[in-house]
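Residue strings, one per chain:
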Amino acid sequence: MNTTSYRHSLTQLFTRHLMHASMPGLMPAGPATSRAEAPGRMPAVLVERLLRQEEKRGVNALNRLGQGLPIATFNAPQPAAHRAATYSYPIHIERASIDALPASAGVYIFRGANDMPLYVGRSVNLRSRVLAHLHNHEEEMLVRQTRRIEFRRTAGELGASLLEQSLVRDLQPLHNKKPRQKRCLFTLRLSLDGRPQVAQVAERDFSRAENLFGIFASERAAQEALQKLVEQHELCSVATGLEESAGEGMACFGRQIRRCRGCCTGEESPELHQQRLMQALEDLRILPWPYQGPMGVIEEVDGWRQVHVIDHWRYLGSLDEEHQQLRARPAASMKGFDLDSYKLLIKPFLLQQLDLHALPGLKLPALA
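Notes on the structure follow. Positions within a chain are numbered from 1, following the residues in the order the chain's sequence is written. The predicted origin of the model limits local features to residues at a pLDDT of at least 70 and limits the giving and counting of side-chain atom pairs to 80 or more, whereas totals for whole chains, interfaces and linings rest on all residues. Only hydrogens and water are set aside; all other atoms, that is, all heavy atoms of the structure, feed into the side-chain values.

## With respect to the sheet that holds strand β6 (residues 212-216)
Part 1: An order of β5-β4-β6 is seen for the three strands of this open sheet, with the pairing classed as antiparallel. Since the sheet does not close on itself, it has two edges, and those belong to β5 (196-201) and β6, each with one partner. Across the sheet, the axes of successive neighbouring strands diverge by a mean angle of 30°, strand direction being ignored.
Part 2: Note: two strands are recorded as paired if DSSP finds a minimum of 2 bridges between them. A run of DSSP states H or I qualifies as a helix once it reaches four residues; a run of E qualifies as a strand once it reaches two. Both are numbered from the N-terminal end. Pairing analysis gives six bridges linking strand β4 (residues 185-190) to β5, with the strands arranged antiparallel. The residue bridging Thr187 from the neighbouring strand is Ala199, located in β5.
Part 3: When checking whether two residues touch, look at their non-hydrogen atoms; a contact exists if any pair is within 4.5 Å. Every angle, taken between N-to-C directions, lies between 0 and 180 degrees, and every axis is a line fitted to C-alpha atoms, over only the stretch in contact when it is a helix. Running over the sheet, helix α12 (residues 270-281) touches β4, β5 and β6 and is turned about 150° from β4.

## Examining the packing of aromatic side chains
Part 1: Working definition: rings of Phe, Tyr and Trp (its six-membered ring) pair if their centres are within 6.5 Å, and the pair is stacked with planes under 30 degrees apart, edge-to-face with planes over 60 apart, and tilted otherwise. Evaluation of the coordinates by the stated rule reveals nine aromatic pairs.
Part 2: Here the aromatic rings of Trp289 and Tyr291 are separated by 5.2 Å at their centres, their planes lie at 70°, and the arrangement is edge-to-face.
Part 3: We call a residue buried when its accessible area falls under 20% of the maximum for its residue type, exposed when it is over 50%, and partly exposed in between, using a 1.4 Å probe and counting protein chains only. Tyr291 sits in the partly exposed class, given a relative accessible area of 28%.
Part 4: A ring pair is formed by Tyr291 and Phe349, whose centres lie 6.4 Å apart and whose planes are at 90°; its orientation type is edge-to-face. Separated by 58 residues along the polypeptide, Tyr291 in the loop between α12 and β7 (295-301) and Phe349 in helix α13 (residues 339-350) bring together distant segments of the chain.

Here you go:
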């Protein structure tokens, strides 16, 4: 039933009737029977006309109640349960793969012809999220290309996030944003005299080297980050190497506009300035992997336990009662520093929110 057009037709009929009753001179003269009726009552012919319209539009309230469905109102949207009950699933998508979706956390994969990976996503409620995709008209192309939907359940949101990122990197789905290929990475590293300098570092060193601050895609981005740090913490641009000194005791540009506490002019001691510099850099510090080998992060839900295996901040896969060995992964996905995994893990690690356990004797996955 098109409630919008139905509502408009009723509005027009009622408006026409009321205007005729209250201002007969403004309305065209109708049949004598209509003019003779009391102005406060609706003519019987109009009631019959409305009932016939309902029949033509296929509205049958008794049948809807008998089927356990709510009667539609003109303004209220249909309930989600009603939409799900009356929704026509795309016939080209394997229906069993939709029905099998659980209302729990995990990752889903839209597969196309020849099982081509089209899209990888995650959710704390897989069924609800996938149905939202199917209902979304803006994703018509993705739905039209899909032949079946695969899912992998996880014990929590962290596992779903780690698995999603690894699958996007491994499968390179057609509709996901492609991971940026980094030729090299830059960081801030302290020189021998304690000054922060932009340095290019091999990706593998980010999880091992000490005293690295920040990860940047370009030298310019690292330089801009250092400049912003100096401004925010009222540091000296001469003492941090951003500006050459004009002479001993001469004020840097920041001091001239009162954004430096005077290390360049001797008003602040070099020791105090260095201490403030290290405090400012601490938020950017890259923490080296503090263990000798891989560690397991435990997640558990409803008695089901998963172990997410992490080594040098890289997610290697998950283990549970059914999967006692890690899946093989493409060699290209295992190269360099895994910045995505690091970002997901470092905050809960520093807050001691990760349930970490050693994994002695664990066999690492082969490279596909």
